[in-house]
Amino acid sequence: MKEKGGEFVWFDNKFVKWEDAKVPVYTHAMHYGTAVFEGIRGYASSSSNAAAKSGKNNVYIFRLKEHMERLHRSAKVYSFSLPYSADELYDATVELLRKNRMKESVYIRPLAFVGMHGIDLNVTASSPTQTVIIAFPFAKYFKGEGIRACVSSWRRINDATTPPLSKAAGNYLNSILATQESRRNGYDESILLDLAGNVSEASGENIFLVRNKKIYTPYFADSALEGITRDSAMTIARELGYEVTERPIPRAELYMADEIFLTGTAAEIVPVTSVDGKPVGDGKEGPVSRSVRETYANIVTGGSKDHMDWLTPVW
Ligand SMILES: Cc1ncc(COP(=O)(O)O)c(C=O)c1O
């Protein structure tokens, strides 16, 4: 990681100085990608938040419990044993931010990996694993008001090979190929099709289309991750009165949509303004995307009374 981040890293139930958090070159995950991870955000409270108004700024970790539970589900697919429960990892994350005296918006990266298992591919529940949680200050992932996407010539990995539902480190080689191609060709992000040719997701985000004010997103069976921002956006959109339907999305619909937006922890909710050079709608963020994005932004920073159960205050 380029970012040095906080002074301390949580490493196998201990707080270790950043420069001392090291692993041997024999680490299995380094050779085979045998790791699962999460990406979580902590948001500095918004200025409209009651606590912030009284001068008591806080940091809210977004859906921390759900992220730690997904980490466990990802590990189960590969029979990696995680010696720490989701609740223990939840507590460790809050402690880590306190220990690092973090009061700004942060990105949190829990990572569980197979350690000293030699070169043997038979990873079992008794193979040694290590768990680390890193946190560092983080702002916007995509710059600008909307992103220019392309359809990747790479296909999304598939449940028949390396299941995209498990957030495994090795899966990201597929995302890296797609990202390299999109940047090389002057785009901000790539949209991947599944093996059947339907839209699955972007390299690190889920995707939503809007047609006639109705919202559509692919099924998990279309090789999409069970995104926590996806779930949040679906909940918010329904509360705002929109119909949200999961269904297969053929590629050509990307060129017909009134609006497209992506959802992900790092990217948050971001409008796609063109696909393969064709403008989406009128080439600007549309009203449906805007209302979901603004409601989400307000919730995550503690500016709304709704969904306070999604937030874990650090201070
Ligand atoms: C491939 C992929 N899809 C979707 C997402 C969005 O998931 P989430 O909203 O849980 O961050 C991510 C981000 O983690 C991702 O890497």
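This structure is a prediction, so every number in the text was calculated from the model and none was measured.

Student: Summarise the pairing of strand 12 (residues 214–217); cite the residues concerned and give the values.
Tutor: Where strand 11 (residues 206–211) lies against strand 12, three bridges are found, and the strand directions are antiparallel. The residue of strand 12 that forms the bridge with Val210 is Ile215. Where strand 11 hands over to strand 12, the hairpin turn is made up of two residues, of which Asn212 adopts a positive phi near 50°. Where strand 12 meets strand 13 (residues 244–246), three bridges bridge the pair, whose relative direction is parallel. In the strand pairing of strand 13, Thr217 is matched with Glu246. For the segment spanning strand 12, helix 6 (residues 228–239) and strand 13, crossover handedness is right-handed.

Student: Give a detailed account of the pattern of salt bridges, specifying residues and quantitative values.
Tutor: Applying the stated criterion to the full structure yields 18 salt bridges. Among the salt bridges present, the one from Glu201 reaches Arg156, with a minimum N-O distance of 2.8 Å. Of this pair, Glu201 sits in strand 10 (residues 199–202) while Arg156 sits in the loop between strand 8 (147–155) and helix 5 (172–184), placing them 45 residues apart in sequence. Across the pair, exposure class does not vary: Glu201 and Arg156 are buried alike. Ionic pairing is found between Asp276 and Arg251, a salt bridge with its closest N-O pair at 3.2 Å. Here Arg251 lies in the loop between strand 13 and strand 14 (259–264) and Asp276 lies in the loop between strand 15 (268–275) and strand 16 (278–279), a separation of 25 residues in the sequence. A single network of salt bridges, built from pairs that share partners, joins Glu285, Arg290, Arg293 and Glu294.

What counts, and at which threshold
Residues numbered from 1 in each chain as written. Predicted model: local features only at pLDDT ≥ 70, side-chain atom pairs only at ≥ 80, totals over all residues. Heavy atoms only, no water. Pairing = 2+ DSSP bridges. Helix = DSSP H or I, 4+ residues; strand = E, 2+ residues; numbered from the N terminus. Right-handed = clockwise from strand over helix to strand, strands pointing away. Salt bridge = Lys/Arg side-chain N within 4 Å of Asp/Glu carboxyl O. Buried < 20%, exposed > 50% of the residue type's maximum accessible area, 1.4 Å probe, protein only.

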